[in-house]
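Topology and contacts: notes
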Amino acid sequence: MEITLSIITGLMILGALYAIHAKDLLSAVIACGIVGYGLVICFLLLKAPDLAIVQIVVETISLIIMVAVVLDSSRQELFSKPDIQGYVSSITAILLIVVLFYFFKISIETLDAFGQGTLRMATHYIEGATDKTGSANLVTGVIFDFRGYDTLGEATVLITAVLGVLTILRIKGKK
Amino acid sequence: MKGMTLIVKKTTQLLAGLIFLYGIYVVIHGHLTPGGGFAGGVLIAGSFILLILANGSDFMKLTKEETGSTLYENLAILVAVFLALSGLLFGAKTFFLNWLPKGTLGEIVSAGMIPLYNIFIGIEVAASILSIFLALVIFKEETSE
Amino acid sequence: MIPYLLCFILFLTGLYGVITRRNLVKIAISLSIMEFSIFLLFALIGYVEGGVAPIVDPADPVKTYVDPLPQAMVLTAIVIGLATTAMLMAVIIRIYRKYGTFDIREIKNLRG
């Protein structure tokens, strides 16, 4: 289980590295799809079928939007000559990465081992869920009954995003 | 924008209805099987997006105006908020209460108000994704008149 | 510990892309990669060895389920990530129409 997850995450890292360094913008967008669809396989291995369904459809829509933006413009990344400002930002990035990795390695010692986490909060949700909510799908019961405010907030974020997109592109309505 | 070749048009003619039906199935059985409002809503939007991409916007007569998809989205979220407010009238008189009878585990008509929430959130998510797609892919520029 | 470390390396790859790239589309792709790594971290924390998916079967009750609480959080976060990416793409389309380039240094140099 750990070995399979590590191999798939390693492939996702390779895909992400290629997506950052690709010369053609269309190849970079499709390599972003490698990370998204690899995540679907990771969700299926971690016994989360709800998340796998949502991630696969949302990743397809996101790829459609990005490809439509890229195809409508010039597809090449022309600038690749390194200069002073490029070197400064690369060194800053590497320093930041080393510092963050060191602190993450320290803070992970306090977590339990992979797969042996204690369900301290979730025991209350699992035990009474089928009596209190009446739904067989525990994740749907948690979303709509125990944590309904999060769902309401998410619907509001979607509506605000539609409003924002229509305002930025200045799409006028019917006259 | 132009449509695609004849093979793609005929294949989407067969497939779009099946995808729409599968999206409705995932929304309605949200409290029994994996899925729910969000996954089913994006699937329903996906069937419409497939039809628009295969036939081209000239054929579907999408002019540079706002279509009716934002109307459905606003109506669906309004009904969902009214359903949540109706918990103030029954039962323990709190906001967002699950006040319908729970029923037996495993039936379609069970779990109180959760299937109703699934349906309206599904309609809202489908209309949102369709509006975002239409605005970003079809109506790209501002109307300059 | 190895899955947690690899997941954080994916996050650091996205962070490197946001800091050092000059093309706007590459910055948007790197932001999306950072979001994916956080979803993976949440799903990893909620996993229980020997548990089944959190769907209750009325015929045979099971003792151990996988934690449903991080899955509910990630479900909300995936849809919000799509909304953020869509708005970022709208801003990128407007910038390309006005300035004709995706490079952030040339956009900074042009004033008005």
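Here is a short report on the structure shown in this document. Everything numeric in this text was worked out from a predicted model, so none of it was measured.

Topic: the interface of chain B and chain C
Listed by partner, the interface residues are eight residues for chain B and nine residues for chain C. Within the side of chain B that touches chain C, the residues separate by chemical class into five nonpolar, one polar and two charged.

Quick word on the interface of chain C and chain A
Taken together, the contact between chain C and chain A spans 67 residues of the former and 73 residues of the latter. Breaking the side of chain C that touches chain A down by element, the ones donating at least two residues are helix H1 (2-20), helix H2 (24-45) and helix H3 (68-99) of chain C. Broken down by element, the side of chain C that touches chain A gets its largest block of residues, 22 residues, from H3 of chain C. Looking at side-chain class alone, the side of chain C that touches chain A contains 49 nonpolar, 11 polar and seven charged residues.

Thoughts on helix H8 (residues 148-168) of chain A
Over its 21 residues, H8 of chain A extends 31 Å from the first C-alpha to the last, a length consistent with the 30 Å expected when each residue adds 1.5 Å. Among the residues of H8 of chain A, Thr 151, Glu 154, Ala 155, Leu 158, Ala 161, Val 162, Val 165 and Leu 166 of chain A are the ones counted as buried. For H8 of chain A, the angular spread of the buried residues around the axis is 125°, confining them to a single face. Facing away from the buried surface of H8 of chain A by more than 90 degrees, the exposed residues are Tyr 149, Gly 153, Thr 156, Thr 160 and Thr 167 of chain A. Packing partners of the buried residues in H8 of chain A comprise helix H7 (138-146) of chain A, helix H3 (69-85) and helix H4 (114-138) of chain B together with H3 of chain C. With its phi angle positive at about 55°, Arg 170 of chain A sits one or two positions after the end of H8 of chain A.

A word on unusual backbone geometry
Phi is positive for Lys 47 of chain A, close to 60°, though the residue is something other than glycine. Looking at the secondary structure, you find Lys 47 of chain A in the loop between helix H2 (25-45) and helix H3 (49-71).

Comments concerning the environment of Thr 140 of chain A
Within the fold, Thr 140 of chain A resides in helix H7. By the C-beta count within 10 Å, which is 31 here, Thr 140 of chain A ends up buried. Residues Thr 140 of chain A and Phe 103 of chain A, spaced 37 residues apart in sequence, show a C-alpha to C-alpha distance of 36 Å. Beyond its immediate stretch of four places on either side in the chain, Thr 140 of chain A contacts Ser 135 of chain A together with Gly 30, His 31, Gly 36 and Ile 114 of chain B.

Cut-offs applied
Residues numbered from 1 in each chain as written. Chains lettered and ligands numbered in written order. Predicted model: local features only at pLDDT ≥ 70, side-chain atom pairs only at ≥ 80, totals over all residues. Contact = placed C-beta atoms within 7 Å. Nonpolar A, V, L, I, M, F, W, Y, C, P; charged D, E, K, R; others polar. Helix = DSSP H or I, 4+ residues; strand = E, 2+ residues; numbered from the N terminus. Expected span 1.5 Å × (residues − 1). Buried ≥ 20, exposed ≤ 12 C-beta atoms within 10 Å, placed from the backbone. Arc of directions from axis to C-beta.

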